[in-house]
Amino acid sequence: MTEHDIVIIGGGPAGLAAAVAAKKAGITDILILERESCLGGILNQCIHNGFGLHTFKEELTGPEYAARYIEMAESENIPYKLNTMVLDISKDKEVTVINREDGLSTIKAKAIILAMGCRERPRGALNIPGYRPAGIYSAGTAQRLMNIEGFSVGKEVVILGSGDIGLIMARRMTLEGAKVKVVAELMPYSGGLKRNIVQCLDDYGIPLKLSHTVINIEGKDRVTGITLAQVDENRKPIPGTEEYYSCDTLLLSVGLIPENELSRGAGVRMSQVTSGPVVGDQLETSSEGIFACGNVLHVHDLVDYVSEEAALAGTSAAAYVKAACEKKAAHTVELSAENGVRYTVPQMIDLENMEDKVTVRFRVADVYKDRFISVYYDDVRVSHKKKKVLAPGEMEQVVLKKDSFKDYPELKRIVVCTEVE
Amino acid sequence: MEAREMICIRCPLGCPLTVRIEGDQVEVTGNSCSRGEEYGKKEVLSPTRVVTSSVRVIGGDLEMVPVKTKQDIPKDKIFACMEEIRKVEISAPVLIGDVIIPDCAGTGVSIVATRNIEKI
């Protein structure tokens, strides 16, 4: 069994940023484990631009953004193992891995950073009637097949779900000569960023049908067509609204789920809302010395925020290793998401040991216009900010400063909520 | 006077812009930064986009190298640009920033690689 100070599971944007930050915080014995044959994670297939405006003040493509962090990790001489699959993380931080060089081996870590990202909801999670013909892809799979492997995915396309990957693939397939006939969205609002509706659909005249879903897939060997129907407020198809589209390809962009099989094995407490671990302000999970960041913690819409969050996980893990794992006295306060705020990350703040400020990220449950985002310390409203539009597809944040708590020594809970006035 | 409502696409905020056009005077409101003003003006006068795609690689460690237009190009040249991009094949190795097509489709803008590809 080998031993390392910090073992990072995942070499995507979260894992890389965590590694660089941990190294800068003075930990030299770091190991990144990546199951793919190269670093960079899902960014490698996101060849579109728009990444890095916050971090680098310029517009980069996914591979370019990844390359910046890969260079940082390499110039810091941070070791990594590629083609290496983590099979298990035990409660006492033993990581079981398998690869072609070492076979099955165990690595003992003082601290672990979970950075495994997320995966797409597949067709099986949707219950769409029909056979299982070729031509049904999750949007991210189609993206990988086109952009990295160089396959042509389809000629006549219908997309279900208006998540960002689906919107971006609508543009991508159009540019490659395919006809994208329609994007259907079950909800009465889009799940993607507004800018992507504009530059991926409107630019190319692709219709977006809100409150619509696929009720039938036709074709036995290959998809030959699908039927859309409008849905009512209970998301049930409305008879008489059926519309047939002939197509050879159906792309599904119907949501991302943090990939937490390993976290569960490690006994980490999970959030029902985010499907990621419950964490404190240092991004430590309920298992001591195990930290989480990026899309495994909660699904982000911006990689810049992933990098920022992951850097915090990296410095926190470094501090944990340096403090020789000793426990400090804590005043832990729960954050509670109320009235239209679905969840917060972190879910807890340790007022005693927190940084000068903590960024609390969250999503709302519905589309709201002209609402306020408020923060309460117990029953006292301490912040109240008006937002023109709030939507579930766009992550929001509030920043809590350490010195704002000094007048509340007995604080029991912090509430983040939306308010009409 | 003509007024157009649009969404700024320069960053994920997606600010709702109102662009008023009177003769050659263009006024942008609703933006929360200077990039929004720049976008609003350009979008009514001469809309442009960065185009990204991928190009087949011969003898590399990957099948495809991702590429982009080095600057944004006129919106109506997007498909002409894609025509040229689709015809090209390139031999490994490729480095980020390598010019794959100079002056694509007469736009004066080159197509550059956005990832390193090693030769195998």
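Residues numbered from 1 in each chain as written. Chains lettered and ligands numbered in written order. Predicted model: local features only at pLDDT ≥ 70, side-chain atom pairs only at ≥ 80, totals over all residues. Heavy atoms only, no water.

As recorded in an unreviewed UniProt entry, chain B goes by the name DUF1667 domain-containing protein, listed as coming from Lacrimispora sp. BS-2.

Going by what an unreviewed UniProt entry lists, chain A is known as FAD-dependent oxidoreductase and is assigned to Lacrimispora sp. BS-2.

Right, let's get into the overall build of chain B. Helices and strands together make up the secondary structure of chain B, namely 2 helices and 10 strands. Counting helices and strands in the order they occur from the N terminus, chain B gives β-β-β-α-β-β-β-β-α-β-β-β. Its C-alpha atoms give chain B a radius of gyration of 18 Å, clearly above 14 Å, the size a compact globule of 120 residues would have. Seen along its three principal axes, the alpha-carbon backbone of chain B occupies a region of about 60 × 30 × 15 Å. In chain B, which comprises 120 residues, the proportion classed as buried is 44%. Here the analysis covers contacts within chain B between residues at least 6 apart in sequence; of these, 45% occur between residues at least 24 apart. Working note: accessible area of chain B is about 6,200 Å², and carbon and sulfur atoms make up 50% of it. Charge separation in chain B, taken as the distance between the mean sites of 16 positive and 18 negative side-chain charges, equals 3 Å. (Helix = DSSP H or I, 4+ residues; strand = E, 2+ residues; numbered from the N terminus. Rg over C-alpha atoms; globule rule 2.2 N^0.38 Å. Buried < 20%, exposed > 50% of the residue type's maximum accessible area, 1.4 Å probe, protein only. Contact = heavy atoms within 4.5 Å. Areas by Shrake-Rupley, 256 points an atom, 1.4 Å probe, with all protein chains shown as cover. Lys, Arg positive; Asp, Glu negative; His and termini not counted. Charge placed at Lys NZ, Arg CZ, Asp CG, Glu CD.)

Time to look at helix α8 (residues 303-322) of chain A. Residues and elements named next belong to chain A. When the terminal C-alpha atoms of α8 are compared, their 28 Å separation across 20 residues agrees well with the 28 Å that a helix rising 1.5 Å per residue should span. Of all 20 residues that make up α8, 14 are buried, and the element is covered over most of its length. Just beyond α8, the residue with positive phi is Ala324, at close to 50 degrees. (Expected span 1.5 Å × (residues − 1).)

Residue and element names in this part refer to chain A. By the element assignment, Arg123 lies in the loop between β9 (118-120) and β10 (136-138). When the C-alpha positions of Arg123 and Tyr137 are compared, they lie 8.2 Å apart, and in sequence the two are 14 residues distant. Sequence-distant contacts of Arg123, defined by excluding residues within four places in its chain, comprise Ile128, Pro129, Gly130, Tyr131, Arg132, Pro133, Ile136, Ile217 and Leu252. A distance of 3.3 Å separates a polar atom in the side chain of Arg123 from the backbone oxygen of Gly130. (Polar contact = N/O pair within 3.5 Å; in protein donor to acceptor, adjacent residues only side chain to side chain.)

With that settled, the discussion passes to the packing of aromatic side chains. Aromatic rings in a pair are described by how distant their centres are and how their planes are angled relative to each other. Residues and elements named next belong to chain A. Inspection of every chain in the model, using the stated rule, returns 7 aromatic pairs over all chains. Each residue in the set Phe56, Tyr65 and Tyr69 is aromatic and connected to the rest through ring pairs, giving one cluster. Across the ring face of Phe56, the terminal group of Arg68 is positioned such that the distance to the ring centre comes to 5.0 Å. Sitting over the face of the ring of Tyr368, Arg371 holds its NZ or CZ atom 3.8 Å from the ring centroid. (Phe/Tyr/Trp six-rings, centres within 6.5 Å; stacked < 30°, edge-to-face > 60°. Lys NZ or Arg CZ within 6 Å of the ring centre and 35° of its normal.)

Okay, the pairing of strand β1 (residues 2-9) of chain A next. All names here are of chain A. With 6 of its 8 residues buried, β1 lies for the most part within the structure. One ladder, built from 7 bridges, connects β1 with strand β8 (residues 103-114); its direction is parallel. In the strand pairing of β8, Val7 is matched with Ile112. With 4 bridges connecting them, β1 and strand β2 (residues 30-33) associate as parallel partners. Along β2, the bridge assignment pairs Ile9 with Leu33. For the crossover that starts at β1, traverses helix α1 (residues 13-24) and ends in the parallel β2, the hand is right-handed. (Pairing = 2+ DSSP bridges. Right-handed = clockwise from strand over helix to strand, strands pointing away.)

Residues and elements named next belong to chain B. Under the defined criterion, the tally for this structure stands at 0 disulfides over all chains. In this structure Cys104 is a free cysteine whose sulfur lies 3.2 Å from that of Cys81, the closest cysteine sulfur available. Of the residues examined, Cys104 reaches a relative accessible area of 0% and is grouped as buried. (Disulfide = S-S within 2.5 Å.)

With that settled, the discussion passes to the pattern of salt bridges. Residue and element names in this part refer to chain A. One pass over the structure, following the stated rule, counts 30 salt bridges over all chains. Note that Arg195 is salt-bridged to Glu59, the shortest N-O span being 4.0 Å. Taken together, the residues span a long stretch of sequence, with Arg195 in helix α6 (residues 194-201) and Glu59 in the loop between α2 (53-56) and β4 (60-61) at a distance of 136 residues. Overall, Arg195 belongs to the buried group, its relative accessible area being 5%. (Salt bridge = Lys/Arg side-chain N within 4 Å of Asp/Glu carboxyl O.)

Here the focus is the sheet that holds β10 of chain A. Two orientations exist for strands paired in a sheet by backbone hydrogen bonds: parallel and antiparallel. Residues and elements named next belong to chain A. Spatially, β10-β17-β11-β12-β13 is the arrangement adopted by the 5 strands of the open sheet, whose pairing is parallel. Two strands lie at the open edges of the sheet, namely β10 and β13 (208-209), each paired on one side alone. Judged from the 3 bridges that link them, β10 and strand β17 (residues 249-252) form a sheet pairing that is parallel. Residue pairing across strands places Ser138 opposite Leu252, the latter belonging to β17.

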